Amino acid sequence: MTVLITGSRGKVATTLIPLLREHGIAVRAASASPDKLTVPAGVERVVCDLDDPATFPAALAGVESVFLYANPHHIEAFLAAAKAAGVQHIAVLSSSSILEPGADTNAIAAMHSAVERGIERSGIEATFLRPGAFAGNALGWSWTAKSAGSVDLPYPEAQSSPIHEADIAEAAFAVLTRPELRGRAYHLTGPASLTAAQQVAMLAEATGRPLTVNPVSAEAWKASTAEFMPAAVADALLGYFASHEGHPDAVTQDVDELTGHPARTFASWAGENADAFRP
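Let me sum up the structure you'll find in this document. As the structure is a prediction and not an experimental result, all values here were calculated from the model. (Residues numbered from 1 in each chain as written. Predicted model: local features only at pLDDT ≥ 70, side-chain atom pairs only at ≥ 80, totals over all residues. Heavy atoms only, no water.)

**Quick notes on the overall build of the protein**
Across its full length, the protein holds 11 helices and 11 strands. Computed over C-alpha atoms, the radius of gyration of the protein comes to 19 Å, within 12% of the 19 Å expected from 2.2 N^0.38 for 279 residues, which places it in the range of a compact globule. Taken along the three principal axes of its C-alpha coordinates, the protein extends 55 × 40 × 35 Å. Looking at the 279 residues of the protein, the share that counts as buried comes to 49%. (Helix = DSSP H or I, 4+ residues; strand = E, 2+ residues; numbered from the N terminus. Rg over C-alpha atoms; globule rule 2.2 N^0.38 Å. Buried < 20%, exposed > 50% of the residue type's maximum accessible area, 1.4 Å probe, protein only.)

So, in structure tokens, the structure goes:
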């Protein structure tokens with residue numbers, strides 16, 4: 001079996017690729033810039049830019065399974081190329097945002113839903129991995145944590161169940177290598193619902209230095225993200241934060257079911273990444 005991994009520079013893919021190789025599975029690491037990839041020996045690097053359909057046929061040739069980042073822009077062209085290449089299974093890195101109330105007006109949910117619906121129409125067997133907040137999202141706090149010892153939060157009491165990216169990679173490995181797990185949707189979460197302020201406290205403990213929470217308005221937070229985040233995505237996140245302030249997030253056992261071990265804690269992630277929050 002040859003597995004095509006799209007978005008091979010991402011945190012999930014860089015853990016998934018070695019897992020597959022360690023188990024003797026042929027891996028094709030795809031990226032818009034494959035020359036920038038660092039991959040294990042024996043892993044083929046190919047050009048596959050999800051914004052450029054011309055790159056799809058060559059990347060998919062001879063591939064049986066795909067790990068797909070959810071990019072809706074040319075999903076129909078990608079699926080047509082996948083069918084032509086004889087792809088049998090697609091594991092999609094989707095999002096639990098599509099399970100939230102108001103998903104039909106949420107930009108993040110809409111993007112992932114478009115990919116899921118497209119694959120369902122294609123007839124290719126699919127498995128939808130729907131993680132919630134990545135633990136690594138906390139890296140967005142690192143600059144002010146290092147420079148000012150504080151973290152700006154528009155909704156400090158908003159709760160999420162952050163999931164370690166390694167757990168997502170191991171869940172993807174399971175569905176790519178065990179056919180009996182395919183054809184389902186999995187809601188992947190961390191082991192506990194935590195407020196944003198609690199996550200900051202765990203980072204402070206991991207770094208051994210105080211970190212304070214600086215409550216800011218939604219407008220100020222959106223303005224601070226404008227250089228790197230589309231306004232529609234910022235609005236979707238603010239809507240999520242507001243709806244989850246003071247309300248526990250869902251916690252599932254799907255990571256345990258797929259990987260055979262409990263989901264890693266946010267405290268564990270914080271310990272592994274503490275240097276990113278130190279001056």
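Read on for the rest.
**Thoughts on the nonpolar core**
Core analysis: the largest hydrophobic core is formed by 32 residues, its most contacted members being I5, L16, L20, F67, L129, L188 and L258. Looking at which element gives the most residues to this core, the answer is helix α6 (residues 165-177), with eight residues. With residues up to four places along the chain from it excluded, the contact list for L258 reads L129, A171, A174, V175, R178, L181, Y186 and L188. In this structure, A30, L60, I124 and F128 belong to the second largest nonpolar core, which totals 25 residues. (Core = buried A, V, L, I, M, F, W, Y, C linked by side-chain atoms within 4.5 Å. Contact = heavy atoms within 4.5 Å.)

**Brief notes about helix α9 (residues 231-244)**
A rise of 1.5 Å per residue sets the reference length of α9, with its 14 residues, at 20 Å; its end C-alpha atoms lie 20 Å apart and thus fit the reference within 8%. Looking only at α9, the buried set comprises A234, A236, L238 and H244. Of the residues flanking the end of α9, it is G246, one or two places downstream, whose phi is positive at about 80°. (Expected span 1.5 Å × (residues − 1).)

**Describing the side chain of E165**
Locating E165 in the fold gives a position in helix α6. With no salt bridge to any partner, buried E165 finds its closest opposite charge in K11, at an N-O distance of 7.1 Å. Here the side chain of E165 touches G136 through a polar contact of 2.8 Å, landing on its backbone nitrogen. Sequence-distant contacts of E165, that is, excluding residues within four places in its chain, are made with K11, V12, F134, A135, G136, N137 and W269. (Lys, Arg positive; Asp, Glu negative; His and termini not counted. Salt bridge = Lys/Arg side-chain N within 4 Å of Asp/Glu carboxyl O. Polar contact = N/O pair within 3.5 Å; in protein donor to acceptor, adjacent residues only side chain to side chain.)

**Re the packing of aromatic side chains**
This model, assessed by the stated rule, comprises six aromatic pairs. On the numbers, 5.2 Å between centres and 75° between planes, the contact of F56 with F78 is edge-to-face. Remark: F78 occurs in helix α3 (residues 75-85) and F56 occurs in helix α2 (residues 56-60); sequence separation between them is 22 residues. By relative accessible area, which is 1% here, F56 ends up buried. Taking the relative accessible area as the measure of exposure, F78 reaches 1% and is therefore buried. Pairwise contacts between aromatic rings join W221, Y240 and F241 into one cluster. (Phe/Tyr/Trp six-rings, centres within 6.5 Å; stacked < 30°, edge-to-face > 60°.)

**A closer look at the side chain of H112**
Among the secondary structure elements, H112 is positioned in helix α4 (residues 107-122). Accessibility expressed as a relative area gives 10% for H112, which makes it buried. Among residues more than four places away in sequence, those in contact with H112 are A70, L93, S94, S95, S97 and I98.

**A look at the pattern of salt bridges**
In the structure shown here, the tally under the stated rule is 11 salt bridges. With a closest N to O distance of 3.2 Å, E257 and R184 form a salt bridge. With a gap of 73 residues between them, E257 in helix α10 (residues 254-259) and R184 in the loop between α6 and β9 (185-188) connect regions that are remote in the sequence. In this structure E257 comes out as partly exposed when scored by relative accessible area, which is 37%. Overall, the relative accessible area of 39% leaves R184 in the partly exposed class. The salt bridge partner of K222 is D235, with a shortest N-O separation of 2.9 Å. Of this pair, K222 sits in helix α8 (residues 218-224) while D235 sits in helix α9, placing them 13 residues apart in sequence. Linked by salt bridges that have partners in common, E116, R117, E120 and R130 make up one network.

**With respect to the sheet that holds strand β3 (residues 44-47)**
Across the sheet, seven strands lie side by side as β3-β2-β1-β4-β5-β6-β9; this open sheet has parallel pairing. Only two strands of the sheet have a single partner each, and these edge strands are β3 and β9. Adjacent strand axes in the sheet meet at a mean angle of 20° when their direction is disregarded. In terms of strand pairing, strand β5 (residues 89-93) meets strand β6 (residues 125-131) through five bridges, oriented parallel. Residue pairing across strands places I90 opposite A126, the latter belonging to β6. (Pairing = 2+ DSSP bridges. Axes fitted to C-alpha atoms, helices over the stretch in contact; angles between N-to-C directions.)

**As for the environment of Y240**
Mapped onto the secondary structure, Y240 falls in helix α9. Counting along the chain gives 76 residues from Y240 to H164, while the straight-line C-alpha distance between them is 20 Å.

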